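# Summary of structural features
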Amino acid sequence: MRTSALVVLILAGLHAPAFAAEIDGKKDKVFVGYLYGAPRDVNYSLYTHLCHAFVTAGPDGVINKGRGAPSRELTTQAHRAGVKVLISLGGWGWDKQFAEIVSNPEAEARYVDGVVKMIDEFDYDGLDLDWEYPDTAKEVEGFERLTRTLRGRIDAIGKAKNRSMNLTMAAAANKGTLSWLKKDFLLENMDWVNVMTYDYAGAWSSNAGHNSPLFPSKKSPQSIETTMSYLLDERGIPADRLALGLPLYGRGFNVAKPYDSIKDLPDKRVVSLTYRQVADKENQGWKRSRDDETKAPWLTAPDGSMVVGYDDAESLRLKTEWAMSRGLRGVFFWQIAQDRMPDGGNPLQEAAHQAWEAGGGKKS
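Fair warning: this is a prediction, and the values are worked out from it, not measured in the lab.

Cut-offs used in this document
Residues numbered from 1 in each chain as written. Predicted model: local features only at pLDDT ≥ 70, side-chain atom pairs only at ≥ 80, totals over all residues. Heavy atoms only, no water. Axes fitted to C-alpha atoms, helices over the stretch in contact; angles between N-to-C directions. Helix = DSSP H or I, 4+ residues; strand = E, 2+ residues; numbered from the N terminus. Parallel < 35°, antiparallel > 145°, perpendicular 65-115°, else oblique. Left-handed = near helix turned anticlockwise from the far one by under 90°. Contact = heavy atoms within 4.5 Å. Nonpolar A, V, L, I, M, F, W, Y, C, P; charged D, E, K, R; others polar. Pairing = 2+ DSSP bridges. Buried < 20%, exposed > 50% of the residue type's maximum accessible area, 1.4 Å probe, protein only. Core = buried A, V, L, I, M, F, W, Y, C linked by side-chain atoms within 4.5 Å. Salt bridge = Lys/Arg side-chain N within 4 Å of Asp/Glu carboxyl O. pLDDT = per-residue confidence, 0-100.

This next bit is on the packing of helix α5 (residues 105-121) against helix α6 (residues 137-161). For the pair α5 and α6, the least separation of the axes is 10 Å and the interaxial angle reads 30 degrees. In terms of axis orientation, α5 runs roughly parallel to α6. Crossing angle aside, the handedness with which α5 passes α6 is right-handed. Facing α5, whose interface residues are Glu108, Tyr111, Val112, Asp113, Val115, Val116, Ile119 and Asp120, α6 presents Arg145, Leu146, Thr149, Leu150, Arg153, Ile154, Ile157 and Lys161. Of the residues belonging to the contact of α5 with α6, the class tally is nine nonpolar, one polar and six charged.

Turning our attention to the sheet that holds strand β10 (residues 287-291). The five strands lie next to each other as β9-β8-β12-β11-β10, forming an open sheet whose pairing is antiparallel. At either margin of the open sheet sits one strand with a lone partner, and together these are β9 (271-274) and β10. Across the sheet, the mean angle from the axis of one strand to that of its neighbour is 30 degrees, orientation sign disregarded. Summarising the sheet, strand β11 (residues 296-300) and strand β12 (residues 307-309) pair through three bridges and their orientation is antiparallel. The residue bridging tryptophan 298 from the neighbouring strand is glycine 309, located in β12. The strands touched by helix α10 (residues 275-283) within the sheet are β8 (249-253), β9, β10, β11 and β12, with β9 carrying the most contacts at an inclination of about 90 degrees.

Here threonine 147 lies in helix α6. In this structure the C-alpha to C-alpha distance between threonine 147 and leucine 129, which are 18 residues apart in sequence, comes to 8.2 Å. The residues contacting threonine 147, other than those within four sequence positions of it, are Leu129, Leu167, Phe185, Asn189 and Met190.

As a further point, take the side chain of arginine 151. Positionally, arginine 151 belongs in helix α6. Exposure remark for arginine 151: the relative accessible area of 3% places this residue in the buried category.

We now examine the pairing of β10. Note that β10 and β11 share five bridges and pair antiparallel. Counterpart to lysine 287 in the pairing with β11 is threonine 300. A loop of four residues connects β10 with β11, the two strands running antiparallel in sequence, and lysine 295 in this loop sits at a positive phi of about 60 degrees.

Moving on: the nonpolar core. Counting residues in each nonpolar core, the largest one holds 82 residues, and the members touching the most others are Leu50, Leu89, Leu127, Leu150 and Met228. At six residues, α5 tops the list of elements feeding residues into this core. With residues near it in sequence (within four places) discarded, leucine 150 still touches Leu89, Val112, Val115, Val116, Leu127, Leu129 and Leu167. Ranked by size, the runner-up nonpolar core spans 16 residues in total, among them Val30, Tyr34, Ala243 and Tyr249.

Time to look at the pattern of salt bridges. Throughout the structure, instances matching the rule amount to 23 salt bridges. Of the charged contacts in the structure, one is a salt bridge between lysine 175 and glutamate 234, with a shortest N-O distance of 3.7 Å. Taken together, the residues span a long stretch of sequence, with lysine 175 in helix α7 (residues 175-178) and glutamate 234 in helix α9 (residues 224-234) at a distance of 59 residues. Exposure remark for lysine 175: the relative accessible area of 40% places this residue in the partly exposed category. On the accessibility criterion, glutamate 234 (57% relative accessible area) is exposed. The residue aspartate 312 makes a salt bridge to arginine 290 at a minimum N-O spacing of 2.4 Å.

Quick look at the sheet that holds strand β5 (residues 166-171) now. Pairing is parallel in the closed barrel, where eight strands are placed in the order β1-β2-β3-β4-β5-β6-β7-β13. When strand polarity is set aside, the average angle formed by the axes of neighbouring strands in this sheet is 25 degrees. In this structure, strand β1 (residues 30-36) lies alongside strand β13 (residues 330-334), joined through four bridges in parallel fashion. Within β13, the residue paired with valine 32 across the bridge is phenylalanine 332. Relative to the sheet, α6 contacts β3 (84-90), β4 (126-130) and β5, its axis offset from that of β5 by approximately 155 degrees.

Before going further, it helps to spend a moment on the confidence of the model for the protein chain. With 93% of its residues at a pLDDT of at least 70, the protein chain reaches an overall mean of 92. Predicted confidence is poor over residues 1-25, with pLDDT under 50, and the contacts of this stretch with residues over four places away or in other chains come to 23 contacts.

Following this line, the structure appears as structure tokens:
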């Protein structure tokens, strides 16, 4: 009977779908950094995973060269430090190319082969799909088919190399775009989803809102809490399949104070500032203040010409504590060079890492 039972279990395993939950095993907490371009001065001790951004392709499915990815130097250094590296595909502005690739079976097959070959040859630990965004029925069909194909192909690489492979994706923070993602599809294929809980305000906004508010305010109802509550409570996505996005940059508006209207400005240009640039401005006399509702800081120019909504060490610590208290898979950062200071430190990521560890995160 033991032999018969063993045979049944083996056969069941052979025919079972390769669910991401089973592939990932223990579901350890993750601390993920998006690395843009070639590796430079990376503090590998912080991360469990890096997403190497970006690899792009033409509408014919042929992989574009350059931009610092792929990199065997990166995977070698990271593996030596015990960090997994995923190749990140696409990025902002490549929606049209993805849609064209999946509309042509030959282009899609060529693209899959190119991505899989790259992962194998450069020794990546999986991939991160950054299609921003599949938001029509036809695109979603192609996105799901592409994802399932890549899931199967990278798992085959993992089996040959005797290690687990990860498949993740970057997802928007707004409900309209998130509504196109099916729960069953995500649970079947994604180890976790990196929710880009930033860019809540920009040139498209009616006022100078904060880039990444933890909580809603009377003047700005959308926030990290509203996005994640939608996914967790309304959509029923398990918390351990979601990672919270933490930006290392802010957005500056040409107004005198937070929440001022930008509707009638002749120039709606919004400036993106890295944390290092924000810190430089603070040293030049710009005034820091804190929003008690959103739990996020602002920086205001001495002459009242600009206000910047950004994150500092305190706000990222609070966001990380919140993520861990809600049982999320972890946190991730765009992008890891943006808080690198002249002394070589990464003060925002270091503060978040301390909160991550205190909340149960640890490097395996």
